[in-house]
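A closer look at the structure
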Amino acid sequence: ESLQKLVKSISSTAYSRMQDIELITRYYSFVHYLDKYNGRLGRFFDNSVKDLNESWKTKEYLLKQDFEKLIEIIDLNHKIFGDNYFMKPKTDNRKQKKVINKALFDLITYFLRDDELFNQVCKNVESKDKFKECLEKLFEDNRIVNEFEAHTTDFEKVKYRFISFNEILKEKFSFIIFLPW
């Protein structure tokens, strides 16, 4: 239900019919194979799905747990951001687009998959506000803003986004998540 609600908020066009599958693919790919990302998003997803299919029998339980975690992350983001979840924050010079930003989805779901960080963010209203502030701080970086506008798949830009957000989380939550770079 949470995933359907998220997908419905993307749009009602024919293009959005497969958005749920794409978002799930993005989540599993970045969570399990971030170290294999080289800037070729389509190939990255294809290889990730191929590997997940081949290892289904041994990873089924883990992958089902990951899916449940994704639903929890979506629900938490809805609690924090309301109907603007997974959308770039509004800034002084830019209106907020009512479109889910997939690069932001990748970033948030990757970091909140970590149980310790997830539990810290869930703790209370202040922690949720602190997480919201982390995203707002991320978008104070002009390089980040520009990269979210175009070329969201370039390896160096993806790496910069992940490292930058990790540093902000470290500053606000005294918490850092392992990144493969």
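Residues numbered from 1 in each chain as written. Predicted model: local features only at pLDDT ≥ 70, side-chain atom pairs only at ≥ 80, totals over all residues. Heavy atoms only, no water.

Some details on the packing of helix α8 (residues 142-149) against helix α9 (residues 155-173)
To characterise two packed helices, one gives the angle between the axes of the helices and the distance between these axes. Here α8 crosses α9 at 130°, and the two axes come no closer than 11 Å. When the interaxial angle is binned, α8 and α9 end up oblique. In this structure, the crossing between α8 and α9 has a hand that is left-handed. Note on element contacts: α9 touches α8 through E156, K157, Y160, R161 and S164, opposite R143, I144, E147 and F148. (Axes fitted to C-alpha atoms, helices over the stretch in contact; angles between N-to-C directions. Helix = DSSP H or I, 4+ residues; strand = E, 2+ residues; numbered from the N terminus. Parallel < 35°, antiparallel > 145°, perpendicular 65-115°, else oblique. Left-handed = near helix turned anticlockwise from the far one by under 90°. Contact = heavy atoms within 4.5 Å.)

A closer look at the pattern of salt bridges
One pass over the full model with this rule turns up twelve salt bridges. Salt-bridge contacts for K59 lead to D51; the nearest nitrogen and oxygen are separated by 3.7 Å. Overall, the relative accessible area of 25% leaves K59 in the partly exposed class. Note on D51: relative accessible area 28%, which makes it partly exposed. (Salt bridge = Lys/Arg side-chain N within 4 Å of Asp/Glu carboxyl O. Buried < 20%, exposed > 50% of the residue type's maximum accessible area, 1.4 Å probe, protein only.)

Digging into the packing of aromatic side chains
The geometry of an aromatic ring pair comes down to the distance between the two centres and the angle between the two planes. Taken as a whole and assessed by the stated rule, the structure comprises 18 aromatic pairs. In this structure, K69 packs its charged tip against the face of F118, placed 3.9 Å from the ring centre. (Phe/Tyr/Trp six-rings, centres within 6.5 Å; stacked < 30°, edge-to-face > 60°. Lys NZ or Arg CZ within 6 Å of the ring centre and 35° of its normal.)

Here we look at the environment of K98
By secondary structure assignment, the location of K98 is in the loop between α4 (56-81) and α5 (102-112). According to the relative accessible area criterion, K98 is exposed, its value standing at 53%. It is 8.7 Å that separates the C-alpha atoms of K98 and K88, two residues lying ten residues apart in sequence.

Structural notes on the confidence of the model for the protein
The predicted model of the protein averages 88 in pLDDT, with 86% of residues at 70 or higher. Between residues 11-15, whose pLDDT stays under 50, and residues either more than four places distant or in other chains, the model counts three contacts. (pLDDT = per-residue confidence, 0-100.)

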